[in-house]
Each structure stands twice: as structure tokens, then as C-alpha cells.
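# Chains, contacts and geometry: an overview
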Amino acid sequence: MRSIWNGAISFGLVSIPIKLVNATESHSISFRQIHVGDGGRVRYRKVCELDGEEVPTAEIGKGYEEADGSIIPITDEDLAQLPIATAKTIEIVSFVPADQIDPLQMDTAYYLAASGATAAKPYTLLREALKRSRKVAIAKYALRGRERLGMLRVVDDVIAMHGLLWPDEIRVPEGVAPEGAVSVREAELDLADALMATLGEVEMDSLRDDYREAVEAMIAAKADGGEPAVAAGPPVEGAGGQVIDLMAALENSVRVAKASRAGAGAGAGAPAEGAAGAEVTPIRRKKAAGAAAPKAVGGKKSTASAAGGGAGGGAAAGAAKKSTAAAAATKKKAAAAAAAVKKTASAKAAETKPARGAAKKAVTPRKRSSA
């Protein structure tokens with residue numbers, strides 16, 4: 001890899017000659033500006049605004065523009081004479097735990113390569129010291145006309161350096177968070193946790209730039225004289241400003257994620273049948289104040305919203321209705337049986353009463369007449 005900067009790491013009194021190489025590369029596709037009418041390239045020319053003449057690169061210098069529009073010329077000699085100790089040195093100033101570095105400060109990444117055989121020993125010493133301490137080094141260096149902040153850490157067997165933004169370059173997030181108090185229910189958090197668990201982890205190497213690949217395929221098709229294939233993108237849900245049922249959206253997201261995982265596990269050629277078999281475990285939802293609580297009938301309460309909680313919510317609602325109908329039928333049968341028993345007992349009592357009267361009349365002694 002080609003180096004973009006040569007210098008040394010200053011580690012106390014130890015100097016480690018190194019070369020700086022880019023750790024990343026861009027694969028984005030760039031386009032040229034053309035004239036729509038005839039397809040000709042549109043080019044920019046650097047023209048002096050005073051005489052209107054085009055200026056070659058060798059005659060272009062630097063200048064600082066003040067508030068009133070006047071320009072102060074700055075030469076390379078002016079910059080070279082500045083008293084900067086880090087002009088050709090990566091000066092380590094401290095060692096801190098990696099979690100103390102805010103990812104917002106992360107900038108361009110570089111690899112530091114040992115320059116020459118004499119640099120191998122001190123380079124390895126610093127690398128192993130960073131490994132054992134489990135810390136990162138904070139350093140200052142100068143690159144492309146300005147002093148910068150950097151973080152040194154170990155990647156495999158190489159020392160890498162991340163450029164860091166200065167603390168005053170990080171903006172305070174004022175007016176970014178939602179205004180007012182927003183409450184989140186436990187049921188919503190449980191569904192969010194379920195969605196996170198369903199999505200699971202991913203191998204970073206498996207992620208691909210689908211848009212770039214589609215652009216490359218389009219360019220290849222047009223270059224061969226054909227028409228590029230137009231693929232309809234997925235529908236965009238949850239547009240800005242639309243009020244949605246958060247619980248229903250979370251339940252649907254869990255169901256879709258499970259179906260996607262099931263389809264991926266079945267193989268690229270097999271149809272994804274996980275959508276039909278995916279189920280969402282109903283979660284109890286708190287009723288609004290003043291609403292009548294439903295009577296428990298032995299089945300689990302369904303938390304699917306009336307707006308369409310998905311297949312899982314509909315199945316739970318159907319089970320609850322079926323259980324309620326069964327309980328009502330059982331209660332009706334019990335009432336009918338009780339009424340029949342009561343009617344039978346009343347009939348028996350009516351038949352026994354006249355018999356008892358007749359018996360009493362039969363045993364009543366007759367009065368004797370007097371002589």
C-alpha cells in the first residue's frame with residue numbers, strides 16, 4: 001500500500017519511524033457532468049476573477065479571506081515556519097481506556113507501518129504494550145496543513161490510528177430530542193426487546209451495498225446496448241407525520257422478522273413459509289382510565305389492537321371469543337338442568353299433598369252419639 005505521510009511515533013524518549021497508509025477505501029461510483037443536449041463533458045476551469053484568464057495549477061496559491069472580502073496571501077513557507085512539534089511526529093500524550101472515546105469523535109482511519117528494520121523492535125514493543133494494557137493511545141500529529149488529534153489502537157498485529165475531531169468540533173444536540181415528556185409502557189419495551197432478539201446478530205462481512213451493485217448492473221446493461229431491469233422497491237411504511245399503532249407495528253415487525261429468518265434458514269431457493277406459521281405471544285395491555293375491564297373467562301387476554309394487530313393478535317382474539325361462547329353455553333345448560341330439577345321436585349310435592357290429606361281424613365275417629 002502506498003504511504004501518504006512519513007514520520008515517527010514519539011513514545012516518551014523512544015522514536016519509532018513509521019509510514020502512514022489509508023486503512024479504508026471508497027467503492028462509491030462517481031458520475032461526470034455532461035451536456036444533456038449532445039452528451040459532451042462539462043468541465044470547470046479555474047479563472048482569475050480580475051483578468052478573466054485561466055490560471056494553471058502551478059500559479060495557484062493559498063489565501064485567507066477576511067470578513068470584508070479582502071484576501072491575505074499565505075505561502076507554504078509561512079506554514080512551514082510555524083513552531084509545531086507534531087509536523088513530522090505522532091506525539092503520544094496519554095493512554096486511556098477505549099470506552100472513554102466518544103464514537104462521535106471518530107474520523108478517518110490509517111494503518112501505521114514500521115519504516116525500516118530498525119523500527120521493528122520499538123514498533124512491536126508499543127503494540128504489545130497497548131495489547132496488555134487494554135488501552136488506547138491519544139496522540140497529536142500534523143497532516144495536510146493542520147494539527148490533528150488521533151487515537152492509536154491495535155488491529156490484529158498492526159497499530160492503527162483513527163483521526164479524532166477536537167472536542168470543540170462536536171456539536172451539542174440541542175433541539176434534537178423529542179419535546180415534552182414521552183412515556184413508554186413496559187409492554188412496548190417487551191415487544192421492542194422481542195424484536196431485537198428476533199433480528200439477532202449479523203456477520204459484518206455478509207453486509208453488501210445493494211444500491212452500488214444495482215448501479216453497476218444498470219451501467220453494464222446500458223453499455224451493452226440493453227435496457228436496465230427495473231426492480232420495484234419495497235413499499236415505504238410509516239411515513240413521516242402518520243399516526244400509527246405502536247403496539248401493532250411492533251407485533252407486525254416481530255412477525256415479519258421471524259418470517260424473514262425462517263425464509264433465510266430454508267434457503268434462497270425455497271419459498272418463505274414462515275409468514276403463515278409465525279405467531280406473536282400476546283402481551284397484556286393496560287386499559288385506559290375509566291374503561292370497563294373485561295371479565296376473565298379462563299383464556300389469555302388478547303393485546304392486538306382493533307386497527308389490525310396481525311395474524312397473532314387475530315388468533316388470540318378468536319380464541320378469547322370462542323372461550324367466552326363455550327362458557328356461556330355451559331352456564332345455560334346448568335341453568336336448564338336446575339330448572340328441570342326444580343320442576344320435578346314441585347310436581348312430586350303436589351302429588352304427595354292430596355295423599356297426605358286423604359290419609360289424615362281416614363284416621364279421624366268418629367264421634368259417638370249419646371243414648
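Below: a short report on this structure. Please read these numbers as outputs of a predicted model, since none were measured by experiment. (Residues numbered from 1 in each chain as written. Predicted model: local features only at pLDDT ≥ 70, side-chain atom pairs only at ≥ 80, totals over all residues. Heavy atoms only, no water.)

### What about the overall build of the protein?
When helices and strands are tallied, the protein shows seven helices and nine strands. Relative to its 371 residues, the protein shows a buried fraction of 18%. Counted over contacts in the protein with a minimum sequence separation of 6, partners at least 24 positions apart contribute 60%. Summed over its atoms, the accessible surface of the protein is roughly 28,700 Å², and 56% of this surface lies on carbon and sulfur atoms. (Helix = DSSP H or I, 4+ residues; strand = E, 2+ residues; numbered from the N terminus. Buried < 20%, exposed > 50% of the residue type's maximum accessible area, 1.4 Å probe, protein only. Contact = heavy atoms within 4.5 Å. Areas by Shrake-Rupley, 256 points an atom, 1.4 Å probe, with all protein chains shown as cover.)

### A few points about the pattern of salt bridges
Applying the stated criterion to the full structure yields 10 salt bridges. A salt bridge links Arg-212 to Glu-216, with the shortest nitrogen-to-oxygen separation between them at 3.1 Å. Note that Arg-212 and Glu-216 are positioned in helix α4 (residues 210–223) at a spacing of four residues, about one turn of the helix. Among the ionic contacts, a cluster of salt bridges with common partners joins Arg-127, Glu-128, Lys-131 and Asp-157. (Salt bridge = Lys/Arg side-chain N within 4 Å of Asp/Glu carboxyl O.)

### Looking at a nonpolar patch on the surface
A cluster of nonpolar side chains, namely Phe-31, Met-218 and Ile-219, defines an oily patch on the protein surface of about 300 Å² accessible area. Following the sequence through the fold, Met-218 ends up in helix α4. A relative accessible area of 34% places Met-218 in the partly exposed class. (Patch = residues over 30% accessible without salt bridge, like charges linked within 9 Å, V, L, I, M, F, W, Y side chains within 5 Å.)

### Observations regarding the sheet that holds strand β1 (residues 5–11)
Strand order in the closed barrel formed by seven strands is β1-β2-β6-β9-β8-β7-β5, with mixed pairing between adjacent strands. Averaged over all pairs of adjacent strands, the angle between strand axes in this sheet comes to 40 degrees, irrespective of strand direction. Here seven bridges tie strand β7 (residues 135–143) to strand β8 (residues 146–155), and the two strands are oriented antiparallel to one another. Paired with Ile-138 across the strands is Met-151, a residue of β8. (Pairing = 2+ DSSP bridges. Axes fitted to C-alpha atoms, helices over the stretch in contact; angles between N-to-C directions.)

### With respect to the side chain of Gln-105
Inspection of the secondary structure assignment puts Gln-105 in the loop between β5 (89–97) and β6 (106–114). With relative accessibility at 15%, the residue Gln-105 sits in the buried group. Excluding residues within four positions of it along the chain, Gln-105 makes contact with Gly-163, Leu-164, Leu-165, Trp-166, Pro-167 and Ile-170.

Nothing here speaks to function; it is all geometry.
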